Amino acid sequence: LRVLILDQFTTRLLSSCCKLSDLMSERITIVEDLFKSREPIPEMKAIYFMTPTAKCVDAFIADFKNKPKYKAAYVYFTDYCPDSLFSKMKTSSCSKYIRVCKEINISFLPQEAQVFTFDNPGAFRSVYSPDSKDRIKTLESLADQIVTLCATLDEFPGVRYKKDSPVQHAKDLAELVDQKLAKYYEMDDTTKKKEKTPAQLLILDRAFDPMSPILHELTYQAMAYDLLPIKNDTYRYKAKDGSAKEALLNDSDELWVRLRHMHIAEVTEKMPKLVKEISASKKEPDSKVTIGTLAQIMKKMPSFRKQVAQVLHVSLAEDCMTRYQKNVDRLCRVEQDLAVGSDVEGLKVKDPMRTLLPVLIHDHSTYDKIRAVLLYIFSLNGTTEENLNKLIQHVKIEGESEYILNWKDLGVPIISSKTTRRERSQTYDLSRWTPIIKDVMEDAVDNKLDWPHVSGAPTAWNGSRAVSARQKHKASAQDDYRSGSRLIIFILGGVCYSEVRSAYEVTQAIKSCEVIIGESPKRVLLHHYDVPEADVGKTPPGTKPGFICEMYYFTQTRFKFHVDHGPHTILFRLNLCIK
């Protein structure tokens, strides 16, 4: 039996990809917080899974300073441990209790099958604030984390960045990542230097597409997180008998996985059929049933799963539609016309102010009016100072105009050519906008992306291994094994749900190239509608009043992450040297 000791980051990391039952199956019976007072258990071995910081190392050394708390220590760092910290452990009394000390290179949080984040909400301000004093340090840290992601995926990708960007942060980060990747694979355990793999890593600033995070998205996942008070992925609802229920919206809910990228109009139509399909696939074969497994089998029974899943998602879809019909439907047409630049009939919007006016004069929240004003400004690629002042007065945010003005620090023009977009056929009038990142993904796969490489392209990357993303194909299952290339995308400043959906759509369309997308904050950007009116102007402690990040309300998500090694990579590695 073993004790597992975690810090704050590794606790979230393990929570995102394993359950307590998974830990118990590895004979881990106790999970402790590294920084809390703990009773000694001298007869047990302890696994320390922690970040390589001075705070963590000091806490570890303290456990063995006088009377050792555990029989032996197996130390696993999430990332490269600096020589100074390693020497500190080596010269302390804890050294004689250390049986294993390894760096496992997994300094990121998996959110979904193809989505990752670096749990660094302060990175947004550190990188984009004009007053930042730690921008280089933050970019160095992000580069180190990107290297651990590539190492976990066993990829040595060609690194590319968007040229002609108004800010140079993506270029700076791309150069750092390329240097650190080369150094990492030179220092790898294998004696042979690793060649570049058929993968690409694209690094972008948030300014490349300011529209997508602001628009109301009408696909199921984005709509739920935007319009409903979902916190920590927990949705609270009432059952048929009136009792209060709550459910986690994550990858363990197969119906959620099947529905989340569908347009809300398709969800209620296809839900009953999907429930039947999933229930039929979960039928238990005849086998010996013990008391210990009875509860789990009951929960997996088709009738039980069908009832719970259908009640949950019927309630969730109804809640989304109630909020939508209350006021969002009036906003969506205006937003789509401004974003796309044409109306439903395809006629060009000649007077964007006339399109915006209904939102400003009707009884919408200040929060929604700010979103609409931003879309108006983005659609014009900037406006005059006189016009901007009038808009700020109309929305009544004279004392908080930084919500709009600070977008310039991202490189988005606020004070005055529009990018040419490819035409796409759309099924729904109020969902005509396509995130720009989808164009980028398709161009990269088709080998049409005119972005520079930092130090040369991967030799095997060409159009021959990836079928065109614009061709129609039957979608494959999410967890299908893919033997083709990988396209890894990192957006400096956050990812929104429509961009997450685009990664899945392009992957399913082309099959031979898997798209993985990630961000620097720990939560998906924006998309949380229920911001109290009184909170719009509040400033988080220690931040500059009105800074850009104040407008973003992040929503935390926890999902299982599937890499080639399977979902239990961490547990497997921790167990390698424990006898």
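The structure presented is a predicted model; accordingly, all values stated were derived computationally and were not measured.

1. Quick look at the overall build of the protein
For the protein, the count of helices and strands is 19 helices and 13 strands. When burial is assessed residue by residue, the protein has 54% of its 579 residues classed as buried. A total accessible area of about 27100 Å² is found for the protein, and carbon and sulfur atoms account for 51% of it.

2. Brief notes about the pairing of strand 6 (residues 109-112)
Here three bridges tie strand 6 to strand 7 (residues 115-117), and the two strands are oriented antiparallel to one another. By the bridge assignment for strand 7, Leu109 is matched with Thr117.

3. Here we look at the packing of helix 3 (residues 54-62) against helix 4 (residues 83-90)
Direction vectors running N to C along helix 3 and helix 4 enclose 5 degrees, while the axes themselves pass 10 Å from each other. Comparing the axis directions of helix 3 and helix 4 gives the class roughly parallel. On helix 4, the residues touching Ala54, Val57, Asp58, Phe60 and Ile61 of helix 3 are Leu85, Lys88 and Met89. When the residues that make up the contact of helix 3 with helix 4 are grouped by side-chain class, the tally is six nonpolar, no polar and two charged.

4. A look at the pairing of strand 1 (residues 2-6)
Within strand 1, five of the five residues are buried, which leaves it mostly tucked inside the rest of the structure. Relative to strand 3 (residues 41-50), strand 1 runs parallel, the two sharing five bridges. When the bridges of strand 3 are listed, Leu4 appears paired with Ile47. Pairing of strand 1 with strand 2 (residues 28-33), which is carried by five bridges, proceeds in the parallel orientation. In the sheet register, Leu4 faces strand 2, and the bridge partner there is Val31.

5. Observations regarding the confidence of the model for the protein
Mean pLDDT over the protein: 79, with 78% of residues reaching 70 or higher. Of all the helices and strands in the protein, helix 19 (residues 569-575) carries the lowest mean pLDDT, 32, while helix 3 carries the highest, 96. A low-confidence stretch, residues 286-306 (pLDDT under 50), is modelled with 16 contacts involving residues beyond four sequence positions or located in other chains. Low pLDDT (under 50) marks residues 522-579, which in the prediction has 185 contacts with non-local residues, meaning those over four places away or in another chain.

Calculation notes
- Residues numbered from 1 in each chain as written.
- Predicted model: local features only at pLDDT ≥ 70, side-chain atom pairs only at ≥ 80, totals over all residues.
- Heavy atoms only, no water.
- Helix = DSSP H or I, 4+ residues; strand = E, 2+ residues; numbered from the N terminus.
- Buried < 20%, exposed > 50% of the residue type's maximum accessible area, 1.4 Å probe, protein only.
- Areas by Shrake-Rupley, 256 points an atom, 1.4 Å probe, with all protein chains shown as cover.
- Pairing = 2+ DSSP bridges.
- Axes fitted to C-alpha atoms, helices over the stretch in contact; angles between N-to-C directions.
- Parallel < 35°, antiparallel > 145°, perpendicular 65-115°, else oblique.
- Contact = heavy atoms within 4.5 Å.
- Nonpolar A, V, L, I, M, F, W, Y, C, P; charged D, E, K, R; others polar.
- pLDDT = per-residue confidence, 0-100.

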